[in-house]
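Coordinate analysis (summary)
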Amino acid sequence: MATLEAIKYKNGQLEILDQLLLPESCTFIPIRNVQDAWAAIREMKVRGAPAIAIVGCLSLAVELRKLAALETKKEIYRFVKEKLDYLVTSRPTAVNMQLAAEACIKLSTRLMEDVSVDVTEAKDATLKHLEATLANDVADNLAIGEHGATDIQKKVNKDKVRIMTHCNTGSLATAGYGTALGVIRSLHTANMLDQVYCTETRPYNQGSRLTAFELVYEKMPATLICDSMAAAAMKQFNIDAIIVGADRVAANGDTANKIGTYQLAVLAKCHNVLFYVAAPFSSIDFEIPSGQSIPIEERPHSEMTHTGSIRTAAAGINCWNPGFDVTPAEFITGGIVTEKGVFKPDQLASLKV
Ligand SMILES: CSC[C@H]1O[C@H](OP(=O)(O)O)[C@H](O)[C@@H]1O
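Quick caveat, the model's predicted, so the values are computed rather than measured.

**Regarding the domain arrangement of the protein chain**
Partitioning the protein chain into domains gives domain 1 (7–131) and domain 2 (147–351). One C-alpha centre belongs to domain 1, the other to domain 2, and the line joining them spans 27 Å. Contacts between domain 1 and domain 2 engage 24 residues on the former and 28 residues on the latter. Interface of domain 1 and domain 2: buried area, both sides summed, is about 2100 Å²; carbon and sulfur atoms make up 54% of it. Contact with domain 2 buries surface across domain 1, with Met44, Arg47 and Thr93 losing the most and accounting together for 28% of the total. Scanning the region where domain 1 abuts domain 2 turns up one salt bridge. Ionic pairing is found between Arg91 and Glu297, a salt bridge with its closest N-O pair at 3.0 Å. The tally of links from domain 1 across to domain 2 stands at 16 residue pairs in polar contact (both at pLDDT 80 or more). Looking at the side of domain 1 that touches domain 2, the elements that each hand over two or more residues are helix 2 (49–66) and helix 4 (96–113). The leading source of residues in the side of domain 1 that touches domain 2 is helix 2, at four residues. Looking at side-chain class alone, the side of domain 1 that touches domain 2 contains 15 nonpolar, five polar and four charged residues.

Dropping the structure here:
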């Protein structure tokens, strides 16, 4: 069975699954340029740290393919930089789009300065780099899945494990397979998954709308819980480990992730439950020393006060709607699961690429 895919790209045509319509409707919408991508990312029609960067890069590839012949490599560099600088402004917390933009601009600069490379070769090399983001992400996620499942099996030392997860970190947050949910997929494939407990993840409900959708689609043993049930579930069901994704991991291992992650980490420590973060190196920001430097996005209050067009909160009430919180490294007791292996938070800084 093919896993779900949120991003379709072929011969310069890009479509994304409109995740605001899930789980009721599976509707793909076209992304014709970087403006479309920026709007889709800001409105969270596509979301998830890796998926944001991939859709951003592919939207630039769509434009680059359509671009009339450019006279000079400097024009290509200017075009690429302007578009990527714009895409980086779509959402502030996830670092993936920023790192992807920096890498592509660095490549475009090198191509511009290399006298042995002509305009066509520079454009083709840039396109190849942008279009490789899809396959690279899936490869990273498969490796994360294997490393994470192996580490959990070793540390929990049971035939089958009970896992809790938060938000959505699967095929709907990446190019496919997922990060934290990728580890859960690998545990399931290895017949090691007793049950996965997914939290609703208010207010956008990535858990009840997206993760539950993926788990049901692939017939994994899963139970949906409200965010408020997490502590009781850890106690009642003897959860063995919690694994979550990341939007930005700082050099010391502090991790920004969906709001509600920090409280799960605190509860995990209180219940002696292993707490893992699953994140590709494309989500690690080695340029910031700790989580204090991570910008936290504030989302519209309407995401809290309404379900669709239906008001569910009293009119006039003030709201606070941060999209993310920061989990200090010392709470990440299981480790940080990456495509290169599982590391303790204090090992990260030495792995700077
Ligand atoms: C594979 S990491 C996905 C990461 O992104 C989510 O945030 P959002 O849905 O607002 O883009 C959440 O923090 C997940 O852990």
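**Considering the UniProt feature "site: Transition state stabilizer" (unreviewed entry) in the protein chain**
Here the UniProt-annotated "site: Transition state stabilizer" (unreviewed entry) positions come out as Cys167. Relative accessible area serves as the criterion here: at 7%, Cys167 is assigned to the buried category. With residues near it in sequence (within four places) discarded, Cys167 still touches Arg47, Thr199, Thr201, Gln206, Gly207, Thr211 and Lys258.

**Comments concerning the UniProt feature "active site" (unreviewed entry) in the protein chain**
Mapped onto the present numbering, the UniProt feature "active site" (unreviewed entry) falls on Asp247. Relative to the elements of secondary structure, Asp247 occurs in the loop between strand 7 (241–244) and strand 8 (248–250). Residue Asp247 is classed as buried on the basis of its relative accessible area of 9%. Those residues within four positions of Asp247 in sequence are excluded, and the remaining contacts are Ala49, Thr93, Ala94, Val95, Asn96, Ala256, Asn257, Lys258, Ser283 and Phe324.

**A look at the site of the ligand**
Gly48, Arg91, Asp247, Asn257 and Lys258 are the nearest of the 19 residues found near the ligand. A distance of 2.4 Å separates an oxygen atom of the ligand from a polar side-chain atom of Asp247. Lys258 is positioned such that a nitrogen or oxygen atom in its side chain is 2.7 Å from an oxygen atom of the ligand. Burial of the ligand by the protein chains amounts to 99% of its free accessible area of 410 Å². Judged by its atoms lying within 2 Å of the grid points, the ligand is housed in the largest cavity. Residues that form the shell around the ligand fall into these classes: seven nonpolar, eight polar and four charged. Among the domains, domain 1 (7–131) and domain 2 (147–351) are the pair contributing at least three residues each to the shell around the ligand.

**A few points about the environment of Thr255**
Structurally, Thr255 can be placed in strand 9 (residues 255–258). Thr255 sits in the buried class, given a relative accessible area of 2%. Residues Thr255 and Asp325, spaced 70 residues apart in sequence, show a C-alpha to C-alpha distance of 8.2 Å. For Thr255, the residues in contact, after removing those within four places along its chain, are Gly245, Ala246, Arg248, Val249, Val277, Asp325, Val326, Thr327 and Ile332. At a separation of 2.9 Å, a polar atom in the side chain of Thr255 contacts the main-chain carbonyl oxygen of Gly253.

**Some remarks on the pattern of salt bridges**
Applying the stated rule across the entire model yields 16 salt bridges. For Lys155, the salt bridge goes to Asp151, with nearest N and O atoms at 2.7 Å. With Lys155 and Asp151 both in helix 6 (residues 133–156), this residue pair falls four residues apart, about one helical turn. Taking the relative accessible area as the measure of exposure, Lys155 reaches 40% and is therefore partly exposed. Three or more residues joined by partner-sharing salt bridges are found here, namely Arg91, Glu297, Arg299 and Glu303.

**Considering the side chain of Arg299**
Mapped onto the elements, Arg299 comes out in the loop between strand 11 (284–285) and helix 11 (302–305). Engagement of the side chain of Arg299 in a polar contact is seen with the side chain of Glu303, the distance being 2.8 Å. Non-local contacts of Arg299, meaning those with residues more than four positions away in its chain, are made with Arg42, Glu43, Met44, Arg91, Asn321 and Gly323.

**Some details on the sheet that holds strand 9**
Here four strands make up an open sheet; going across it, the order is 11-8-9-14 and the pairing mixed. Among the strands making up the open sheet, the edge pair consists of strand 11 and strand 14 (324–327). Strand direction decides the pairing type here: strand 9 and strand 14, joined by four bridges, are antiparallel. Its bridge partner being in strand 14, Asn257 is matched across the sheet by Asp325. On top of the sheet, helix 10 (residues 261–270) reaches strand 9 and strand 14; it is set at about 35° to strand 14, its chief contact.

Reading the values: the criteria
- Residues numbered from 1 in each chain as written.
- Predicted model: local features only at pLDDT ≥ 70, side-chain atom pairs only at ≥ 80, totals over all residues.
- Heavy atoms only, no water.
- Domains from an automatic or database assignment.
- Contact = heavy atoms within 4.5 Å.
- Buried area = accessible area lost by both parts, 1.4 Å probe.
- Salt bridge = Lys/Arg side-chain N within 4 Å of Asp/Glu carboxyl O.
- Polar contact = N/O pair within 3.5 Å; in protein donor to acceptor, adjacent residues only side chain to side chain.
- Helix = DSSP H or I, 4+ residues; strand = E, 2+ residues; numbered from the N terminus.
- Nonpolar A, V, L, I, M, F, W, Y, C, P; charged D, E, K, R; others polar.
- UniProt positions renumbered as here; feature names shortened; annotations may be inferred.
- Buried < 20%, exposed > 50% of the residue type's maximum accessible area, 1.4 Å probe, protein only.
- Near = heavy atom within 4 Å.
- Areas by Shrake-Rupley, 256 points an atom, 1.4 Å probe, with all protein chains shown as cover.
- 1 Å grid on protein atoms, 1.4 Å probe; cavity = no way out; pocket = protein on both sides within 12 Å on 5 of 7 lines; lining within 4 Å.
- Sits in = over half its atoms within 2 Å of the grid points.
- Pairing = 2+ DSSP bridges.
- Axes fitted to C-alpha atoms, helices over the stretch in contact; angles between N-to-C directions.

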